Amino acid sequence: QVQLVESGGGLVQAGGSLRLSCAASGSIFSIGATGWYRQAPGKQRELVASITTGGSTNYGDSVKGRFTISRDNAKNTVSLQMNSLKPEDTAVYYCNALIRNTAWSSIRTYWGRGTQVTVSS
């Protein structure tokens, strides 16, 4: 079994910064692409940022230039540095990872339970 545990959420004023972290543990042979998604009340879950094993990144249009995703392959962690936060960034942020449990297993998608980010105006 695999667990993704997020940390770093909280309440911040507009213009402030937060750093989210996600640690993967359990039965892990390899981790492929990882990323962060968010879901605001009444809205669909959307991609915030993703990063491949090699470090290639992709960002949602609304966060480009403000958020930076990074990963530490040795520690099985992925982080999201969020700067210049806006009230519309308020959402539950979820960590996502494509993981192979053993050398012979297929790749599965795993999700964390989410961490709340609230940006006040």
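Below you will find a few notes about this structure.

Cut-offs applied
- Residues numbered from 1 in each chain as written.
- Predicted model: local features only at pLDDT ≥ 70, side-chain atom pairs only at ≥ 80, totals over all residues.
- Heavy atoms only, no water.
- Phe/Tyr/Trp six-rings, centres within 6.5 Å; stacked < 30°, edge-to-face > 60°.
- Helix = DSSP H or I, 4+ residues; strand = E, 2+ residues; numbered from the N terminus.
- Lys NZ or Arg CZ within 6 Å of the ring centre and 35° of its normal.
- Disulfide = S-S within 2.5 Å.
- Buried < 20%, exposed > 50% of the residue type's maximum accessible area, 1.4 Å probe, protein only.

With respect to the packing of aromatic side chains
In this description, an aromatic ring pair is defined by two values, namely the gap between the centres and the angle between the planes.
Right, so step 1: Within this structure, the stated rule accounts for one aromatic pair.
Right, so step 2: With a centroid separation of 5.0 Å and 65 degrees between ring planes, the pair formed by Tyr 37 and Trp 111 is classed as edge-to-face. Of this pair, Tyr 37 sits in strand β4 (residues 30–39) while Trp 111 sits in strand β10 (residues 107–111), and the two are 74 residues apart along the sequence.
Right, so step 3: The lysine or arginine in question, Arg 45, covers the ring of Tyr 94, its NZ or CZ lying 3.8 Å from the ring centre.

Details of the state of the cysteines
Right, so step 1: Inspection of the entire model under this criterion finds one disulfide.
Right, so step 2: Across the disulfide, Cys 22 is cross-linked to Cys 95 (sulfur-sulfur distance 2.1 Å). Its S-S torsion of approximately -85 degrees makes the covalent link between Cys 22 and Cys 95 left-handed. Separated by 73 residues along the polypeptide, Cys 22 in strand β3 (residues 18–26) and Cys 95 in strand β9 (residues 91–100) bring together distant segments of the chain.
Right, so step 3: Cys 22 sits in the buried class, given a relative accessible area of 2%.
Right, so step 4: You can call Cys 95 buried: its relative accessible area is 1%.

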